[in-house]
Amino acid sequence: MSNVLGEFLDPIDALFTIFFSILFALLFTLSYGILIYHGVIPSSFAGGYGQELFVTILGAVTAWGIIDGVLYVLGESLARRERYRLLQYVQTSDSEEEAAGAIASELDFILEPITSDEQRHALYHDIRVYLSQAEPQAIGIQRKDVVGAVATVLLSVAAVLPSLLPLLLPDNTVMAIHISNVVSFIVIFAAGYGWGLHTDANPWKIGLLLSSVCLAMVLVAMLLGG
């Protein structure tokens, strides 16, 4: 699974897939926890309801994962279309300066902070020479897009399963929800911690930041009736 994620999913895409899966789980568990606490849902009704909550959250996360996977396929296909458009423009440009300008418009925002004007000019010239001789690639949906989409769905479900398993505790839905919430924030923190290590940032700060943002987004969604 990790090999598939590394090959077909960008690390930031994987991080946000985990984030949104946990966000979905927390929207359900925190909402039900508050309703039970305030007596809107009687404790007698709440007892043993964890299994149904498990199925509901798993279904919602799976559905979102499928939507995200479809958007992933479309995004990859449209990105190739954009690269094809750039290739066509470079190959049909009337001058080298026009072609280099088109390449610069695509890459300046990345390279400008870390290179000089002379370095970028030389690099864009080399890229123009390469693209002028390159063969167009297929721009339709490819096998790797489908694999990436499937990986997105599997990651969505795998990320939320640790939060859902406590809901299977028999006859004590309130305790199960509390444990599920704790596990959810541990998963979010762990994802942020891992991202901090990946980017050479302070992993504790990133983990706490991601957990805080997730909690804030859940509270906003609940206040707005989400």
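Residues numbered from 1 in each chain as written. Predicted model: local features only at pLDDT ≥ 70, side-chain atom pairs only at ≥ 80, totals over all residues. Heavy atoms only, no water.

Observations regarding the packing of helix H4 (residues 50-92) against helix H7 (residues 143-164)
So, step 1. Between H4 and H7, the shortest axis-to-axis distance is 8 Å and the interhelical angle comes to 155°. Here H4 lies roughly antiparallel to H7, going by the angle between them. The two elements H4 and H7 cross, and the hand of that crossing is right-handed.
So, step 2. Per-class residue counts for the contact of H4 with H7 are 14 nonpolar, six polar and five charged. (Axes fitted to C-alpha atoms, helices over the stretch in contact; angles between N-to-C directions. Helix = DSSP H or I, 4+ residues; strand = E, 2+ residues; numbered from the N terminus. Parallel < 35°, antiparallel > 145°, perpendicular 65-115°, else oblique. Left-handed = near helix turned anticlockwise from the far one by under 90°. Nonpolar A, V, L, I, M, F, W, Y, C, P; charged D, E, K, R; others polar.)

Some remarks on helix H6 (residues 117-133)
So, step 1. With 17 residues, H6 should cover 24 Å at 1.5 Å per step; its first-to-last C-alpha distance of 25 Å lies within 8% of that length.
So, step 2. Turning to H6, its buried residues are Arg120, Tyr124, Arg128 and Leu131. Down the axis of H6, the buried side of the element spans an arc of 75°, and every buried residue falls inside it. Among the exposed residues of H6, those oriented more than 90 degrees off its buried face are Glu118, Tyr130 and Gln133.
So, step 3. Tucked inside the fold, the buried residues of H6 contact H4 and helix H5 (96-111). (Expected span 1.5 Å × (residues − 1). Buried < 20%, exposed > 50% of the residue type's maximum accessible area, 1.4 Å probe, protein only. Arc of directions from axis to C-beta. Contact = heavy atoms within 4.5 Å.)

Quick notes on the pattern of salt bridges
So, step 1. Considering all chains together, one arrives at six salt bridges under this definition.
So, step 2. One salt bridge in this structure joins Arg85 and Glu82, with 2.8 Å as the shortest N-O distance. Highlighted residues: Arg85 and Glu82, both in helix H4, separated by three residues, approximately one helical turn.
So, step 3. Residue Arg85 is classed as partly exposed on the basis of its relative accessible area, which comes to 39%.
So, step 4. Accessibility expressed as a relative area gives 36% for Glu82, which makes it partly exposed.
So, step 5. Linked through salt bridges whose partners overlap, the residues forming this network are Glu82, Arg85 and Glu106. (Salt bridge = Lys/Arg side-chain N within 4 Å of Asp/Glu carboxyl O.)

As for the layout of surface pockets
So, step 1. Considered as a void within the structure, the largest pocket measures approximately 450 Å³ in volume.
So, step 2. Arg80, Arg83, Tyr84, Leu87 and Leu131 are, among the 21 residues lining the largest pocket, the residues nearest its centre.
So, step 3. For the lining of the largest pocket, the secondary-structure elements that each account for two or more residues are H4, H5 and H6.
So, step 4. If you tally residues by element for the lining of the largest pocket, the top one is H4, at eight residues. (1 Å grid on protein atoms, 1.4 Å probe; cavity = no way out; pocket = protein on both sides within 12 Å on 5 of 7 lines; lining within 4 Å. Points joined across faces, edges and corners; volume = space filled by probe spheres on them.)

Some points on a nonpolar patch on the surface
So, step 1. Taken together, the side chains of Ile66, Ile67, Val70, Leu71, Leu74 and Leu78 make up a nonpolar region of the molecular surface, amounting to roughly 570 Å² of accessible area.
So, step 2. As for its position among the elements, Val70 is in helix H4.
So, step 3. On the accessibility criterion, Val70 (48% relative accessible area) is partly exposed. (Patch = residues over 30% accessible without salt bridge, like charges linked within 9 Å, V, L, I, M, F, W, Y side chains within 5 Å. Areas by Shrake-Rupley, 256 points an atom, 1.4 Å probe, with all protein chains shown as cover.)

A closer look at unusual backbone geometry
Note: most residues except glycine have negative phi, and most peptide bonds are trans.
So, step 1. Here the phi dihedral of Asp200 falls at roughly 60°; this positive angle occurs in a residue that is not glycine.
So, step 2. In this fold, Asp200 is placed in the loop between helix H8 (173-198) and helix H9 (203-223).

Here we look at the environment of Lys205
So, step 1. As for its position among the elements, Lys205 is in helix H9.
So, step 2. With 13 residues separating them along the chain, Lys205 and Gly192 place their C-alpha atoms 8.3 Å apart.

A closer look at the packing of H4 against H6
So, step 1. Where H4 contacts H6, the axes come no closer than 9 Å and their chain directions differ by 95°. Between H4 and H6, the angle is such that the two are roughly perpendicular. For the pair H4 and H6, the contacting residues are Leu87, Val90 and Gln91 in the first and Arg128, Leu131, Ser132 and Gln133 in the second.
So, step 2. Here the residues of the contact of H4 with H6 sort into three nonpolar, three polar and one charged.

Some words on the nonpolar core
So, step 1. In terms of nonpolar packing, the biggest core is built from 22 residues, with Ile18, Phe19, Ile22, Leu26, Ile188, Leu210 and Cys214 touching the most fellow members.
So, step 2. Those elements that place two or more of their residues in this core are helix H2 (11-37), H4, H7, H8 and H9.
So, step 3. Here Leu210 is in contact with Leu15, Phe19, Ile188, Ala191 and Gly192, once residues within four sequence places are set aside. (Core = buried A, V, L, I, M, F, W, Y, C linked by side-chain atoms within 4.5 Å.)

Observations regarding the packing of aromatic side chains
So, step 1. With the rule as written, the count across this model stands at six aromatic pairs.
So, step 2. Residues Phe24 and Trp64 carry aromatic rings whose centres are separated by 5.9 Å and whose planes lie at 35° to one another, so their mutual orientation is tilted. Highlighted residues: Phe24 in helix H2 and Trp64 in helix H4, separated in sequence by 40 residues.
So, step 3. Of the residues examined, Phe24 reaches a relative accessible area of 24% and is grouped as partly exposed.
So, step 4. By relative accessible area, Trp64 is classed as partly exposed at 28%.
So, step 5. Three or more aromatic residues joined by ring pairs make a cluster, and in this case those are Phe19, Phe20, Phe24 and Trp64. (Phe/Tyr/Trp six-rings, centres within 6.5 Å; stacked < 30°, edge-to-face > 60°.)

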